Amino acid sequence: MSTGEGMRHARGVRASGIGSWPGTDVREALRVVRGELTDTAPDGVEGVPYLPELPARGPGADMVGRTAHLLVDLPVDLQPQGWRLVDRPGRDHERTGSWWRQDLDELAEAFDGWAGPLKLQVAGPWTLASSLWLPLGDKVLSDPGATRDLALSLSEGVAAHVREVRRLVPGAEVVLQVDEPSLTAVSLGRIRSESGYRVLRTPEQGELVTALRGVVDGARSGGAVLVAAHSCAGDVPLDLLRSSGADAVSLDVALLGTPGWEVVATLIEAGVELWAGTVPTGPDPAAPARLVDDLARRWGELGLPLRDLASLTVTPACGLAASTPAGAQAVTAATVQAAARLAELAAG
């Protein structure tokens, strides 16, 4: 489990976001995120602000390209098919690095003097392996050796990234979110080759767990106090995420049927936290009370004590890149309201 206990003894129900944000102004995005999640959070709610991702800025600001820049000794370049491993860094690598430098400079300024949780997001090893292309050939996933090298490189890069943020914001309790939207497809053998005529190999359970665990361990070695594994997909392999050693799972709870909730209950009983994607990201982020009441009802049906709702973190159902800046701010405010409602229910 995590080397730090600060996040495990939070001051109340937590509220956070997934990571992606609309627009191209990272300074403004940071201002809104910090303001909504920390400056206006009511009693009983602890906000977990985060470094927003702004994919609208273009190539290199997308989740895959952004995370690929963190890889150690595995440079990438943007090709017609997508991001591809190459022999040496090029113009696309430099552009991505420029986005990262801007983001971290703005983060250090926006959180100067901050003491508390601060979340970062990276794509996980299986999302990268199913998205990046080999120098000559198909996706990295098609080659077990290349997949292993990618996971090791990502683990090393994540550790360095967490250390850098801790240096820039010394009071931060760094939380790392590992985004794995492709994990379900990879684990079920649904990733197709470049031609589309065949399906790429399906890794064994042990290989899936080892790669994920390596990134979790890398984050902890860099000083992360908590690692959350996130997916907005349906049929997330929750047992696999538990085996990876992640401290928390972050899910769109609307996609959980009864079997999924039963697995979630076993995770909670084993000490794994739930980051509940509860607030819709569409035009109606309202009705947080009704949505949270539905969550509490399901919680009670599982036989879990209502007081343990205080251990939850509330998030939007998924990222906010497709929203407008005003819409993203409204969803974030609704997330804080939902966390406040949960705190009321937990207090009885």
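Everything numeric in this text was worked out from a predicted model, so none of it was measured.

Caption draft 1: Up close: the overall build of the protein. Secondary structure summary: the protein contains eleven helices and ten strands in total. By the compact-globule yardstick of 20 Å for 348 residues, the protein fits well, its C-alpha radius of gyration being 19 Å. By its C-alpha atoms, the protein is 60 × 45 × 40 Å across when sized along the principal axes. When each of the 348 residues of the protein is scored for burial, the buried share is 57%. Sequence-distant contacts, at least 24 apart, represent 75% of the contacts inside the protein between residues at least 6 apart. Taken as a whole, the protein presents about 14,000 Å² of accessible surface, with 51% of it coming from carbon and sulfur. Each charge class in the protein was averaged separately, 31 positive and 44 negative side chains, and the resulting centres sit 2 Å apart.

Caption draft 2: How the structure looks around the nonpolar core. Residues W21, L107, W126, L132 and L274 are the most contacted members of the largest nonpolar core, which totals 99 residues. Setting aside residues no more than four positions away along its own chain, L107 makes contact with L30, L51, L118, V165 and V169. If you look at the next biggest cluster of nonpolar residues, it comprises seven residues, including V48, V175, L226 and A248.

Caption draft 3: Structural view of unusual backbone geometry. For D73, which is not glycine, the phi dihedral falls at a positive 65°. As for its placement among the helices and strands, D73 is situated in the loop between α2 (63–68) and β3 (76–79). The exposure class assigned to D73 is exposed, which follows from its relative accessible area of 72%. Phi is positive for D235, which is not a glycine, with a value near 55°. Looking at the element boundaries, D235 is found in the loop between β7 (226–231) and α8 (238–243). What makes D235 exposed here is its relative accessible area of 62%.

Caption draft 4: Representation of the packing of helix α3 (residues 91–110) against helix α5 (residues 144–168) within the structure. For the pair α3 and α5, interaxial distance at closest approach is 9 Å and the crossing angle is 35°. Handedness of the α3/α5 crossing: right-handed. In this structure, α3 uses W100, L104, L107 and A108 to contact α5, whose residues at the interface are H161, E164, V165 and L168. In terms of residue class, the contact of α3 with α5 is made up of six nonpolar, one polar and one charged.

Caption draft 5: Expanded view of helix α9 (residues 258–269). In this model α9 runs 17 Å from its N-terminal to its C-terminal C-alpha over twelve residues, within 8% of the 16 Å that 1.5 Å per residue would give. Among the residues of α9, those classed as buried are G260, W261, V264, A265, L267 and I268. Taken down its axis, α9 places every buried residue within 160° of arc, on the same side. Turned more than 90 degrees off the buried face of α9, the exposed positions are P259 and E269. Immediately downstream of α9, the backbone of G271 shows phi near 95°, a positive value.

Caption draft 6: Highlighting the confidence of the model for the protein. Model confidence for the protein is summarised by a mean pLDDT of 92, while 95% of its residues fall at 70 or above. In this model residues 1–6 is a low-confidence stretch, pLDDT under 50, and it forms 13 contacts with partners more than four residues away in sequence or in other chains.

Caption draft 7: Highlighting the state of the cysteines. Scanning the entire structure with this criterion turns up one disulfide. Bridging C232 to C318, the disulfide has an S-S length of 2.0 Å. The chirality of the disulfide connecting C232 with C318 is right-handed, given an S-S dihedral of about 115°. Placement of the pair is C232 in the loop between β7 and α8 and C318 in the loop between β10 (313–316) and α11 (325–347), with a sequence separation of 86 residues. By relative accessible area, which is 28% here, C318 ends up partly exposed.

Caption draft 8: Focus on the pattern of salt bridges. A full pass over the atoms with the stated rule returns 14 salt bridges. Notably, a salt bridge pairs R14 with E273, separated by 2.5 Å at the nearest N-O pair. Taken together, the positions of R14 in strand β1 (residues 13–15) and E273 in strand β9 (residues 273–279) put the pair 259 residues apart, joining distant regions of the chain. Exposure remark for R14: the relative accessible area of 2% places this residue in the buried category.

Criteria and thresholds
Residues numbered from 1 in each chain as written. Predicted model: local features only at pLDDT ≥ 70, side-chain atom pairs only at ≥ 80, totals over all residues. Heavy atoms only, no water. Helix = DSSP H or I, 4+ residues; strand = E, 2+ residues; numbered from the N terminus. Rg over C-alpha atoms; globule rule 2.2 N^0.38 Å. Buried < 20%, exposed > 50% of the residue type's maximum accessible area, 1.4 Å probe, protein only. Contact = heavy atoms within 4.5 Å. Areas by Shrake-Rupley, 256 points an atom, 1.4 Å probe, with all protein chains shown as cover. Lys, Arg positive; Asp, Glu negative; His and termini not counted. Charge placed at Lys NZ, Arg CZ, Asp CG, Glu CD. Core = buried A, V, L, I, M, F, W, Y, C linked by side-chain atoms within 4.5 Å. Axes fitted to C-alpha atoms, helices over the stretch in contact; angles between N-to-C directions. Left-handed = near helix turned anticlockwise from the far one by under 90°. Nonpolar A, V, L, I, M, F, W, Y, C, P; charged D, E, K, R; others polar. Expected span 1.5 Å × (residues − 1). Arc of directions from axis to C-beta. pLDDT = per-residue confidence, 0-100. Disulfide = S-S within 2.5 Å. Salt bridge = Lys/Arg side-chain N within 4 Å of Asp/Glu carboxyl O.

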